[in-house]
Amino acid sequence: MKMTNKRAQKRASAKASTTNVSKFAPAKAVAGGKSAVKFEYAPSLESTDIVQIEKRNRLFIGGKFVEPTSGRYFPTINPATGERLAEVAEANEKDVDLAVKTARQAYEQIWSKMSGKERGRYLFRIARLIQERARELAVLETMDNGKPIRESRDIDVPLVAAHFFYHAGWADKLEYAFPGQSIAPLGVVGQVIPWNFPLLMAAWKIAPALACGNTVVLKPAETTSLSALLLAQIFQDAGLPEGVVNIVTGAGATGAALVNHPDINKVAFTGSTEVGKIIARAVAGTKKRLTLELGGKSAHIIFEDAALDQALEGVINGIYFNQGHVCCAGSRLLLEESIANDFVEKLKKRIAQLRVGNPLDKNTDIGAINSEAELKKIGKLIQLGKDEGGEFFEPKCALPEKGYFQRPCFFSNVSSSFTLSRVEIFGPVLAVSTFRTAQEAVVKANDTPYGLAAGVWSEKGAKIHKVAGQLKAGVVWANTYNKFDPSAPFGGYNESGWGREGGRHGLSAYLDVRGK
Ligand code: NAD
């Protein structure tokens, strides 16, 4: 049979990628001085044919894609190759002002007057369209962010749809969420989000805001704007009234213009603690409401009676499967002293099996670091950990020649005073230390400026409850990690932020709730 040009090209590209992937595979994985089992996976590349990326991506204001008044565009890079994917518009103060004015008009004339049932219908429609275009969204997210397709396909996009479904259900039942109290939307909400879960963070922000009757101006992170703009197309297809959601792309200056705009009623920010503090200062003294979802340095506590193989997978899932790019990544590992040595040996063997490489390959465990700047930051912090005297382990797997990649690694025998125990690294880097008593574990886990999440591993329920009750973390997972559900509130203590997203608590962040 004659092969068409397209099929011939596909074969050629699969062959090329086989060569690459065999490099990523643990050809002779060496861990703890012993050879681990050698196995290789045939490549299983997700096709990018489904995604059409515009060369120049404009702002989404008033239900249309519009040129920025600045006329300026900046590149967005595929971190797995280092190559330019497209250009994205840079919104200036004028563009932000137009977006806010448009959102205000849509709030006053349409959205705040609409019944909850009607708003819910739009949200259900959006959720179903997200499901219909799930593959396209997942592939685009992986291309722009660098995360493995397995994560964008199986975790991010299903959760994005789930958030719209969940909040669609609330839209006409808000009075039951706050019985005996009067509720009203806040008005126009300015939302600024990070690059680690671009689409999911957009859904976490937009779905509750709309369900509660607010209109939105959203600013995605500058390295990952594309999936939010695809979501804008879905809003158009869902017939969402013009101006109800507006998307302004750009970097920190665009975010600052939005946060400082005088006609915003609420700011919702997810990102670094550093920028969160700047925003808190900017909003202080104004009437704007504020929620902040910030960084983390979350700890796993593993007791000797835990199911250790299961706990090991929880640790791997918590820090490595997502390049450590999760705010609640389990980046500190506290091991009961009696099991510490064995567990560390198991960890060495297991991370030597992880596949680092092309994020579009369905076998890939660890994809690309989102940007060159992030990769450099991770490298500096690893060097600092070595300088401070941590025992470093990294498997000898090969990395792709192009793009931004970091091997999974960990430091053992670190104390709470080490920089890498305190600072959010946001990469696949784990800090391991030990404890003797449950009380010591709690003290060590709480010894951080953050307080986003924690994981407790034990077969004794009473022990888990006792320890969990003493942990200063917004979420505590028991014998599992990184499990999300739109009905469960998420948020942090201390420098991890203010307020909650998700569940009934998340609704109250988008409503004015008063006693009758
Ligand atoms: P970042 O703070 O650098 O940027 C976040 C967003 O803020 C981006 O859109 C950026 O353009 C914008 N921004 C930058 N300066 C600004 C300013 N002065 N005013 C207004 N906006 C500004 O964070 P990042 O590197 O994109 O994301 C990683 C961080 O996000 C990590 O610290 C991570 O823990 C955190 N995060 C937290 C959660 C959570 O739910 N707690 C979830 C995801 C990510």
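Residues numbered from 1 in each chain as written. Predicted model: local features only at pLDDT ≥ 70, side-chain atom pairs only at ≥ 80, totals over all residues. Heavy atoms only, no water.

**Structural notes on the packing of aromatic side chains**
Here comes step 1: Taken as a whole, this structure holds 14 aromatic pairs when the rule is applied.
Here comes step 2: For the ring pair Phe-303 and Phe-435, a centre distance of 5.3 Å and an interplane angle of 80° mean the geometry is edge-to-face. Here the residue Phe-303 occupies a position in the loop between strand 14 (299–302) and helix 11 (308–319), and Phe-435 occupies one in strand 18 (residues 429–435), the gap between them amounting to 132 residues. For the pair Phe-303 and Phe-435, one class covers both residues: buried.
Here comes step 3: Plain terms: the ring middles of Phe-392 and Phe-411 are 4.9 Å apart, the flat faces sit at 45° to each other, and that makes the pair tilted. With Phe-392 in strand 16 (residues 391–393) and Phe-411 in strand 17 (residues 409–412), this pair connects stretches of sequence that are 19 residues apart.
Here comes step 4: Note on Phe-392: relative accessible area 28%, which makes it partly exposed.
Here comes step 5: Taken together through their ring pairs, the aromatic side chains of Trp-204, Trp-477, Tyr-481, Phe-484 and Phe-490 make up a single cluster.
Here comes step 6: The residue whose ring lies beneath Arg-150 is Phe-321, and the NZ or CZ to ring-centre distance is 5.4 Å.
Here comes step 7: Note that Lys-266 overlies the ring of Tyr-510, its terminal NZ or CZ placed 4.6 Å from the centroid. (Phe/Tyr/Trp six-rings, centres within 6.5 Å; stacked < 30°, edge-to-face > 60°. Helix = DSSP H or I, 4+ residues; strand = E, 2+ residues; numbered from the N terminus. Buried < 20%, exposed > 50% of the residue type's maximum accessible area, 1.4 Å probe, protein only. Lys NZ or Arg CZ within 6 Å of the ring centre and 35° of its normal.)

**Focus: the state of the cysteines**
Here comes step 1: Taken as a whole and judged by the stated rule, the model has zero disulfides.
Here comes step 2: With no disulfide of its own, Cys-327 lies closest to Cys-328 among cysteine sulfurs, the gap being 4.4 Å.
Here comes step 3: With no disulfide of its own, Cys-409 lies 10 Å from the sulfur of Cys-397, the closest cysteine sulfur.
Here comes step 4: Residue Cys-409 is classed as buried on the basis of its relative accessible area of 0%. (Disulfide = S-S within 2.5 Å.)

**Describing the site of the ligand**
Here comes step 1: Taken together, 28 residues surround the ligand, and among them Ile-193, Glu-222, Ser-272, Leu-294 and Glu-424 come closest.
Here comes step 2: Between an oxygen atom of the ligand and a side-chain N or O atom of Ser-272, the distance comes to 2.6 Å.
Here comes step 3: Contact distances for the ligand include 2.5 Å between an oxygen atom and a side-chain N or O atom of Glu-424.
Here comes step 4: Here the ligand loses 89% of its free accessible area of 850 Å² to cover by the protein chains.
Here comes step 5: Those elements giving two or more residues to the shell around the ligand turn out to be helix 9 (252–259), strand 12 (266–270) and helix 10 (273–283).
Here comes step 6: When residues in the shell around the ligand are grouped by element, the largest group, three residues, is from helix 9.
Here comes step 7: Two domains each provide a minimum of three residues to the shell around the ligand, namely domain 1 (56–295 + 494–515) and domain 2 (299–451 + 453–478). (Near = heavy atom within 4 Å. Polar contact = N/O pair within 3.5 Å; in protein donor to acceptor, adjacent residues only side chain to side chain. Areas by Shrake-Rupley, 256 points an atom, 1.4 Å probe, with all protein chains shown as cover. Domains from an automatic or database assignment.)

**Topic: the sheet that holds strand 7 (residues 83–89)**
Adjacent strands of a sheet pair through backbone hydrogen bonds, lying either parallel or antiparallel.
Here comes step 1: What the three strands build is an open sheet, ordered 3-7-6; its pairing is mixed. Every other strand in the sheet has two partners, leaving strand 3 (56–57) and strand 6 (73–78) as the edge strands with one partner each.
Here comes step 2: Bridge count for strand 6 against strand 7 is six bridges, and the pairing is antiparallel. Looking across to strand 7, one finds that Ile-77 is bridged to Arg-84.
Here comes step 3: Lying over the sheet, helix 4 (residues 134–145) contacts strand 6 and strand 7, oriented at roughly 100° with respect to strand 6. (Pairing = 2+ DSSP bridges. Contact = heavy atoms within 4.5 Å. Axes fitted to C-alpha atoms, helices over the stretch in contact; angles between N-to-C directions.)

**Quick look at the domain arrangement of the chain**
Here comes step 1: Here the domain parsing of the chain yields domain 1 (56–295 + 494–515) and domain 2 (299–451 + 453–478).
Here comes step 2: Here domain 1 and domain 2 have C-alpha centroids that lie 30 Å from each other.
Here comes step 3: Listed by partner, the interface residues are 30 residues for domain 1 and 31 residues for domain 2.
Here comes step 4: At the boundary of domain 1 with domain 2, total buried surface from both sides reaches about 2,300 Å², with 56% on carbon and sulfur atoms.
Here comes step 5: Across the pair Arg-150 and Asp-365 runs a salt bridge whose closest N-O atoms are separated by 2.8 Å.
Here comes step 6: Where domain 1 packs against domain 2, one counts 10 residue pairs in polar contact (both at pLDDT 80 or more).
Here comes step 7: The set of elements that each furnish at least two residues to the side of domain 1 that touches domain 2 consists of helix 4 and helix 5 (149–170). (Buried area = accessible area lost by both parts, 1.4 Å probe. Salt bridge = Lys/Arg side-chain N within 4 Å of Asp/Glu carboxyl O.)

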